[in-house]
Amino acid sequence: MSEVEGITATSDTESGKMIFQTIIEDGIFRFDCSADHRNAVFPSLSFVNPKDRDAPIINGQKVPSHIPTFECVRGQQIIQIELPRGTSFYGTGEVSGKLERTGKRVFTWNTDAYGYGSGTTSLYQSHPWVLAVFPSGEALGVLADTTRRCEIDLREESTIKFVASQSYPVITFGPFQSPTDVLVSLSRAVGTVFMPPKWALGYHQCRWGYDSEARVREIAKTFRQKGMPCDVIWMDIDYMDGYRCFTFDQERFPDPKTLVAELHQAGFKAIWMLDPGIKREEGYFVYDSGSERDIWIQTADGKPFVGDVWPGPCVFPDFAQSRTRSWWADLVKDFISNGVDGIWNDMNEPAVFKTVTKTMPESNVHHGDIEFGGCQNHLHYHNVYGMLMARSTYEGMKLANENGRPFVLTRAGFIGSQRYAATWTGDNLSTWEHLHMSISMVLQLGLSGQPLSGPDIGGYVGNATPKLFGRWMAFGALFPFSRGHSETGSVDHEPWSFGEECEEVCRLALKRRYRLLPHIYTLFYMAHTRGTPVASPTFFADPKDPRLRTLENSFMLGPLLIYSSTANDLDRDQVQHVLPKGIWLDFDFEDSHPDLPALYLQGGSIIPFGPAIQHVGQAKPTDDLSLLVALDEHGKAEGFLFEDNGDGYDFTRGRYLLTTYVAELVSSVVTVKVSKTEGSWKRPKRRLHVQLLLGGYAMLDAWGIDGEEIQITVPSEDDVSKLVSMSAKQYKIRIETAKRILEVEKVTGVQGVELSKTPIELKSGVWALKVVPWIGGRIISMEHLPSGIQWFQRKDEVNGYEEYSGTEYRSAGCTEEYTVIEHDLQQAGEQESLMLEGDVGGGLVIVRQISFPKDNPNIFRIGSGIVAHKVGAGSAGSSRLVCLRVHPVFTLLHPTESYVYFTSIDGSKHEVWPESGQETKYEGDLRPNGEWMLVDRSLGLGLTNRFKISEVYKCLIHWGTGTVNLELWSEDRPVSKELPLRISHEYEVRRIA
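Computed from a predicted model, the values in this text were never measured in an experiment. (Residues numbered from 1 in each chain as written. Predicted model: local features only at pLDDT ≥ 70, side-chain atom pairs only at ≥ 80, totals over all residues. Heavy atoms only, no water.)

Undergrad: Run through the overall build of the protein, naming residues and quoting values.
TA: Assigned secondary structure in the protein consists of 14 helices and 62 strands. Compactness check: the protein gives a C-alpha radius of gyration of 29 Å against a globular reference of 30 Å for 993 residues, within 12% of the reference. If one aligns the C-alpha atoms of the protein with their principal axes, the spans along those axes are about 95 × 70 × 65 Å. Among the 993 residues that make up the protein, the fraction classed as buried is 63%. A separation threshold of at least 6 residues defines the contact pool for the protein, and within that pool the share at least 24 residues apart is 68%. Carbon and sulfur atoms make up 48% of the accessible area of the protein, which amounts to about 35,500 Å² in all. For the protein, the distance from the average site of its 99 positive side-chain charges to the average site of its 127 negative ones is 2 Å. (Helix = DSSP H or I, 4+ residues; strand = E, 2+ residues; numbered from the N terminus. Rg over C-alpha atoms; globule rule 2.2 N^0.38 Å. Buried < 20%, exposed > 50% of the residue type's maximum accessible area, 1.4 Å probe, protein only. Contact = heavy atoms within 4.5 Å. Areas by Shrake-Rupley, 256 points an atom, 1.4 Å probe, with all protein chains shown as cover. Lys, Arg positive; Asp, Glu negative; His and termini not counted. Charge placed at Lys NZ, Arg CZ, Asp CG, Glu CD.)

Next up, the structure:
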C-alpha cells in the first residue's frame, strides 16, 4: 500500500510528509520524500538482500502509525518522526555514555576514537538506527538507510531526527508488541549474526606487547598452570615484519605453524591481526600484487592514495570492488595455512595518521561495484569500509576451510556487519567510568543488530588497579564476547597480574562463564536463526516498567539477570537491585564473592550449564549436564539447549539437537522432562542434574538420565523456609570470609591532602569538568551539558588541558603531581571552585584556580600563575626564565567542518582552517583581540576563549590528528614573589548561524 501526501516546494527547499510502501513483511515500511527521491537513492549496503528494500509487497494489511515528515534544504534531507510522549530511545549503535539515548545526539562517521569519553559523538562504527520504546511497552525501530555521515538527534522529547545528504529512505519496523519483536523484524532486513564457533565464546587473552613466540608460550602456559580458563591467545601487530600485513617477523615469530600447533595441543586457538594499510614498498608481495591489479583507493586525480599508518606510507585496498575483495580473500586463504584460527581487522575506519581528520580525504575515489553505488567518493563508502573489509576477510577464511566457521573481529563496522564479524568497543580507558559504560555500550550494539561484542576488559589505555580489573573481569566474563586487552607500555593486564585476591576473583568469574557456555551457545543459536538478542537491558523483562529503563549496572542473558556494582566504593550487595516484576530467584555456584555479580533466574525459566572446564575442547558430549529451574507463579518452567559439533555447518543440514525442557509442579512434585526436540543429532548418553531454585540461594536437586523424566519432591513450606534460611546464612559466610581485593587506589599527598585516583568532578548547570591532580593537574574532560558536546576527553597522561612553565613542549608543569589547596562547593561570587598547586622546581609553583562564576553560569574561568615561593639567595630574588604556556587540546568532532575564527588587534579578521598548515603563530597586533573561537559548522556551535590581552604575548594554533590546540603564551621572563606571571581566561559555548 502506498500513499502520496502534499509536498511544499520552493526554489531551494522541499518539505512534507513522506510516502510509504510495505516491504519484506507486514509491519515493515519504507518511506521516501517522493517518487523522484525513491528513484534517486543509492543501493542498500545494510540489507542482507538489497533488493528486498526496493521491492514492495502488495498483500500488506497494516498501515504505519507514525509517518515521518521531511525537509530538503541545500542538499540535506532532514527527517523527523514524532512519537508518543514518554517514549524512551535506545540503539544508535556503538555509542558511549548512558544507556537511554533520550536527549543525546550522535554522528555516524567511523572514527579512530582512541581514549574516547562519555560525550564523544562519533566512534568506530555507524548504526543510523533508533529503537523507540513507548510508555505502553510497545516498540518501534527506525533505520535511516544511508552510508553517508548522518546526524541522529534525540534531544527533543519523543522525537527522532535524522540529517544526512539526500536522498535516502527511512525504514520503520513496527510498532510491535515488544522490543525483542522489533529486533527480530530488523534481522529480516539486515541479517542475523554469523554463527560463531563454540571456542570463540570462551575467554580471549590479548595484549599489544606479546612480542615473541616465547612470550606467547609463557602466557599460554601460565593460564594452564593457574587453572584459569581460556580458549584464545591473540597476536597484535608485534608478530609482523615491519608492520607489513601477511608477514611474520623472522626473529621474533620465526615459526608460526609450530607455535600454533603447540597452542592447539594446550587447548588454545590463535588469532592474528590484519590492518588495511599496505606498506607502499616495491618488492613487498602484497603491494606488488595489488598494484598489478590496480585495486588501491585513488585520489581525485587518479593516483593511488598514500597515507601514513603503522608501516609508514601505505596504500589502501578498495574493498568496494568485487575484484579487490577476491584478491584479499585469496591472501587470507594463504595466510590461514600458517595455522591462523581467526583474524582481527583493526584500523579499518580507515584510520590514517598525521591528518586532522584521522582518515583519508573525502574526495578520494572508490571504483565500487554497481550494486554498491558504483564509482563514488570516499564520503559514500567511508562508513562501510570496515564492513566490506570484514566481509572480504570472512570470505577468505571460508575459502581456506569450507568446513569451519570463520571468526573475524572488526573495529569498524556498519549496521549489518554482524553477518561477517564480531566487534569490540575500541580503545577504552582503564577507569571506573569506562567500566560502567562498557555495559551500556555492549547493550546498545545488541539493540542495533550486533549481539557479539564486548569491551577490552580492564581497559586498553592506562593502568588498571587490582579492584578495577577484578570487578571488570567479574561481569566482563559474562559479556557475549569476552576478551582482555591492553596497550603496550601499560602494566601487565593478565588475570594474575594484580595479586592473589584479584586472581581468585578472575578465576571464579571465568569458571562461571565456562559453566554457562551451554546457555550462551544456545542464545547465539537463537540469535543466528531468529534474530533474538543475546545480552539485553533489564527492561526487556518488562518494557512497561519505567523503573527499569535507565538501569545501567545490570543486564540479561536470556532469562538470566546479572547484577553488579560498577562503583569502586560499593560491593554488589551495597547496590540496590531493582528487579522486574514477577519471580526472580537468586543463586550461585557456591562461588559468591563481593566483587562477583549477583545472579537471578526469572521464574518460568530453565537454563543449562556444564562443568567448569579449562577450554571448550575439553568438554565432551557425555559430560554431566545440569539444569537450573525457576518455577513461575503457576508452577511451570521452560528452557532450551542447542548442541552440535561446535564448529562447521552440519547444523544447517539438520545435524544438531535442540531440546526443549519443561518443568511442572503437581501435588508437591516437580517433574522435569523433554517436551520437544529438533534435529537429527543423537542425544548423548549422560547424567542429568536438575537444580530447583527456591530463592535465597537455596535449591533442591536430583540426578537422572538425560531424556528421562526426573522428579523432585518439594518439602513443606516450613521445611523450605528452613532451607532458605540456612542457605542465606551459608551465603553470608561465603561473602564475609571471601578474600577481598585490596584497595590500593589512594595515596597521601603533601600537606596531608588525600589524592584519589578518581578524577575530581566540577559541575555547574552548564559545564561538567574532570580534573586529575596527580598528573599535571590536567583537565581531562570538558563537557558542555546543554549541547552534550565533549570538547576534550583524553587519557590522564597526555592532552586535555595542561600548562607548562617554559616555552619547550611538555616542560615542567604538565606531569608533576599537584596539590589540592582548596575545593569549595560555593564561595563568594563563585558556584564552585578548585585551586591546585604544582611544584615546577627552583622554588616556583604553578597555581591554578578553576571556577564557575555565579553571575554568568554559561562560562567557566581559569586563573593561572607561575609564582616564586622560594628563590635562591644568589638569584637576586628572581627565578630562571619562565613562560606560562596554556596548552588545551580540543577534539574535533567534525574536522573538515571546523575552523578557528578571530579578529586581530589590528582589526583584520581571520578564519584558520586545518588546511592552513600544522602550526600558526600570532604575535604583536596579529594576536586575537582578547577572544578567539573554535567553530564547528556541523554542530552550529562555537567554543569561545576569552583572555586578557595584557597577559598574553603570543597565540598559537596547532592542528593535529583530529585535534587542535589553541595556546596562550605569557611573556618569557624571570619571576619573583612581587612579579609573578599570570594568565586569566574563560570558555563559553555559543550558537552560530
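Undergrad: Describe helix α7 (residues 322–336), naming the residues involved and giving the relevant values.
TA: With 15 residues, α7 should cover 21 Å at 1.5 Å per step; its first-to-last C-alpha distance of 21 Å lies within 8% of that length. Looking only at α7, the buried set comprises T324, R325, W327, W328, A329, L331, V332, F335 and I336. Where the residues of α7 are buried, they touch β17 (269–274), β18 (278–279), α6 (285–293), β21 (342–345) and α9 (385–400). (Expected span 1.5 Å × (residues − 1).)

Undergrad: I'd love a proper account of the packing of aromatic side chains, names of residues and values included.
TA: The full count for this structure, using the stated rule, is 59 aromatic pairs. Ring geometry for Y525 versus Y656: centroids 5.8 Å apart, planes at 40 degrees, classification tilted. In this pair, Y525 is assigned in helix α13 (residues 517–530) and Y656 in the loop between β37 (636–643) and β38 (657–666), connecting sequence segments 131 residues apart. Classification of Y656 as buried rests on a relative accessible area of 11%. Members of the aromatic cluster, each reached through a chain of ring pairs, are Y239, F246, F248, F253, W272, Y287, W296, F319, W327, W328, F335 and Y385. Cation over ring: R224 sits above F268, and NZ or CZ is 3.9 Å from the ring centre. Sitting over the face of the ring of Y649, K398 holds its NZ or CZ atom 4.9 Å from the ring centroid. (Phe/Tyr/Trp six-rings, centres within 6.5 Å; stacked < 30°, edge-to-face > 60°. Lys NZ or Arg CZ within 6 Å of the ring centre and 35° of its normal.)

Undergrad: Any chance you could break down the sheet that holds strand β29 (residues 482–484) for me, citing the residues and the numbers?
TA: Reading across the sheet, the nine strands line up as β27-β26-β24-β21-β17-β16-β15-β29-β28 and stay open at both edges, with parallel pairing between neighbours. In the strand order of this sheet, the two ends are held by β27 (453–454) and β28 (456–457), each with one partner. With two bridges joining them, strand β26 (residues 422–424) and β27 adopt parallel strand pairing. What sits directly across from W424, in β27, is G454. (Pairing = 2+ DSSP bridges.)

Undergrad: Let's hear about unusual backbone geometry: which residues, and what values?
TA: Between Q166 and S167 the backbone carries a cis peptide bond, its omega angle lying at 0 degrees. Considering the arrangement of structural elements, one finds S167 in the loop between β13 (159–165) and β14 (170–176). Cis geometry is found at the peptide bond from E349 to P350, where omega equals 0 degrees. One can find P350 in the loop between β21 and β22 (365–367). In this structure, R74 takes a positive phi of about 50 degrees despite not being glycine. Among the structural elements, R74 can be located in the loop between β5 (69–73) and β6 (76–82). Looking at R74, the relative accessible area reads 71%, which means it is exposed. Not every positive phi belongs to a glycine, and Y243 is a case in point at roughly 65 degrees.

Undergrad: Help me get a handle on the packing of α6 against α7, residues and values and all.
TA: α7 packs onto α6 with a crossing angle of 155 degrees between their chain directions and a minimal axis gap of 11 Å. By the angle between their directions, the pair α6 and α7 is classed as roughly antiparallel. Classified by chirality, the crossing of α7 by α6 is right-handed. Counting all contacts with α6, which are made through F285, V286, S289, G290 and R293, the residues of α7 involved are R323, W327 and L331. Looking at the contact of α6 with α7 residue by residue, the classes come out as four nonpolar, two polar and two charged. (Axes fitted to C-alpha atoms, helices over the stretch in contact; angles between N-to-C directions. Parallel < 35°, antiparallel > 145°, perpendicular 65-115°, else oblique. Left-handed = near helix turned anticlockwise from the far one by under 90°. Nonpolar A, V, L, I, M, F, W, Y, C, P; charged D, E, K, R; others polar.)

Undergrad: Talk me through the environment of S564; I want residue IDs and the actual numbers.
TA: By the element assignment, S564 lies in the loop between β32 (560–563) and β33 (584–587). Considered as a pair, S564 and F42 are 522 residues apart in the sequence and their alpha carbons are 45 Å apart.

Undergrad: Pulling in residues and values, what's your account of the sheet that holds strand β7 (residues 88–91)?
TA: In sheet architecture, strand pairing relies on hydrogen bonds along the backbone and comes in two forms, parallel and antiparallel. Taken in spatial order, the six strands make up an open sheet running β3-β4-β14-β11-β10-β7, and their pairing is antiparallel. The open sheet has two edge strands with one neighbour each: β3 (19–22) and β7. This sheet shows a mean twist of 25 degrees between the axes of neighbouring strands, independent of strand direction. Bridging between strand β11 (residues 139–144) and β14 involves five bridges; their strand directions are antiparallel. When the bridges of β14 are listed, V142 appears paired with T172. Packed onto the sheet, helix α3 (residues 179–190) meets β4 (28–32), β10 (129–133), β11 and β14 and runs at close to 145 degrees relative to β14.

Undergrad: Give me the confidence of the model for the protein: which residues, what numbers.
TA: Residues at a pLDDT of 70 or more form 95% of the protein, whose mean pLDDT is 92. Across residues 1–7, confidence stays below pLDDT 50; counting only partners more than four residues off in sequence or on other chains, it has 22 contacts. Predicted confidence for residues 745–756 stays below pLDDT 50, and this span has 24 contacts to residues more than four positions away or in other chains. (pLDDT = per-residue confidence, 0-100.)

Undergrad: Would you mind going over the pairing of β38 in detail, with residue names and values included?
TA: Within β38, seven of the 10 residues are buried, which leaves it mostly tucked inside the rest of the structure. Pairing analysis gives eight bridges linking β37 to β38, with the strands arranged antiparallel. Across the sheet, the residue bridging to L641 is T659, located in β38. Where β38 and strand β39 (residues 669–678) come together, nine bridges link them in antiparallel fashion. Each bridged residue has a counterpart across the sheet, and for V662 the counterpart in β39 is K673. Taking the residues between adjacent antiparallel strands as the criterion, β38 and β39 are bridged by two residues, where S667 takes a positive phi near 50 degrees.

Undergrad: Summarise the pattern of salt bridges; cite the residues concerned and give the values.
TA: Note on pairing: side chains with opposite charge can pair once their charged atoms come close. For the structure shown, the criterion picks out 55 salt bridges. A salt bridge links R973 to E971, with the nearest nitrogen and oxygen atoms 2.9 Å apart. With relative accessibility at 25%, the residue E971 sits in the partly exposed group. Three or more residues are tied together by salt bridges with common partners; here these are R30, D32, R38, R53, D54 and D145. (Salt bridge = Lys/Arg side-chain N within 4 Å of Asp/Glu carboxyl O.)

Undergrad: Lay out the environment of V616 with the relevant residues and their values.
TA: Secondary-structure assignment places V616 in the loop between β35 (605–609) and β36 (625–630). You can call V616 buried: its relative accessible area is 16%. As for V616 and T108, which are separated by 508 residues in sequence, their C-alpha atoms are 37 Å apart. Apart from residues no more than four positions distant in its own chain, V616 is found in contact with K198, W199, D231, Y514 and L517.

Undergrad: Residues and numbers for helix α4 (residues 213–225), please.
TA: Note that an α-helix has 3.6 residues per turn; residues three or four places apart therefore point the same way. Over its 13 residues, α4 extends 18 Å from the first C-alpha to the last, a length consistent with the 18 Å expected when each residue adds 1.5 Å. The complete set of buried residues in α4 reads E213, R215, V216, I219, A220, T222 and F223. Taken from the residues just after α4, G227 is the one with a positive phi, measuring 65 degrees.

Undergrad: Break down the nonpolar core for me, citing the residues and quoting the values.
TA: Counting 177 residues, the largest nonpolar core has F173, Y239, W272, F407 and L557 as its most contacted members. If you tally residues by element for this core, the top one is α13, at eight residues. Counting 55 residues, the second-largest nonpolar core is a separate cluster that includes L834, V882, L893 and Y987. (Core = buried A, V, L, I, M, F, W, Y, C linked by side-chain atoms within 4.5 Å.)

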